[in-house]
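Residue-level listing of the chains:
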Amino acid sequence: MQRPSFFISSTIYDFKDLRSALRYFLELQGCTVYASEFNDFPKSLDTDSYEACIQAIHKADYFILLIGHRIGGWYDQNKRISITQQEYREAYKLHKAGKLKILNFVRSEIWDLRDNFKELSHYLDNIEMEPGIRKEEVLKHSSKSVKDPRFIINFIK
């Protein structure tokens with residue numbers, strides 16, 4: 001019987017403890033885990049790390065997406081597509097073809113941010129703003145916890 005395999009997708013810096021714990025738990029259950037920060041991640045020498053991640057998704061049975069407050073590296077900076085977004089897009093194609101199951105998790109404070117963002121957007125639609133102040137500029141203003149809230153909210157959508 002083949003061991004189930006999991007690809008963990010997230011920004012690494014803010015999820016390193018959870019990614020490590022998840023890997024440890026899944027491996028204890030007899031699963032194979034693809035997590036790009038570990039030395040055993042499958043990557044040929046002639047492949048960049050982003051493409052290696054996309055290729056590893058095709059080897060997995062499950063795709064675990066963790067969304068937090070960071071964007072991470074850009075897969076295509078001009079189009080504002082992060083590597084995590086691109087991984088999800090690839091996983092979604094495989095999921096639609098019946099080849100992969102997807103598990104999505106969003107940190108609770110980011111989910112709350114999403115709700116607050118909706119309320120703020122609605123509020124800004126219904127007030128008069130001073131000349132020169134644009135709604136889009138207010139909505140993409142960074143905070144202590146999130147550098148680009150509009151990007152994170154759109155990714156959740």
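The notes below deal with the structure included here. (Residues numbered from 1 in each chain as written. Predicted model: local features only at pLDDT ≥ 70, side-chain atom pairs only at ≥ 80, totals over all residues. Heavy atoms only, no water.)

**Here's the deal with the side chain of Glu 90**
As for its position among the elements, Glu 90 is in helix H3 (residues 83-96). The buried category is assigned to Glu 90, whose relative accessible area is 13%. The residues touching Glu 90, leaving out its near neighbours within four places in the chain, are Ile 54, Ile 57 and His 58. (Helix = DSSP H or I, 4+ residues; strand = E, 2+ residues; numbered from the N terminus. Buried < 20%, exposed > 50% of the residue type's maximum accessible area, 1.4 Å probe, protein only. Contact = heavy atoms within 4.5 Å.)

**Topic: the pairing of strand E3 (residues 62-67)**
The side chains of a regular strand alternate, first on one face of the sheet and then on the other. Most of E3 is tucked away: five of the six residues are buried. Relative to strand E6 (residues 101-106), E3 runs parallel, the two being bridged by six bridges. Pairing of Phe 63 across the sheet is with Ile 102, part of E6. (Pairing = 2+ DSSP bridges.)

**Comments concerning the packing of aromatic side chains**
Think of a pair of aromatic rings as described by two things: how far the centres are apart, and how the planes are tilted against each other in angle. Applying the stated criterion across every chain, the model contains seven aromatic pairs. Here the aromatic rings of Phe 6 and Tyr 62 are separated by 4.7 Å at their centres, their planes lie at 15°, and the arrangement is stacked. Taken as a pair, Phe 6 in strand E1 (residues 5-9) and Tyr 62 in strand E3 lie far apart in primary sequence, 56 residues in all. Judged by centre distance (5.3 Å) and plane angle (80°), the ring pair of Trp 74 and Phe 151 falls under edge-to-face. Residue Trp 74 is located in strand E4 (residues 74-76), and its partner Phe 151 is located in helix H6 (residues 149-156); the two are separated by 77 residues in the primary sequence. (Phe/Tyr/Trp six-rings, centres within 6.5 Å; stacked < 30°, edge-to-face > 60°.)

Honestly, it's all geometry; don't read function into it.
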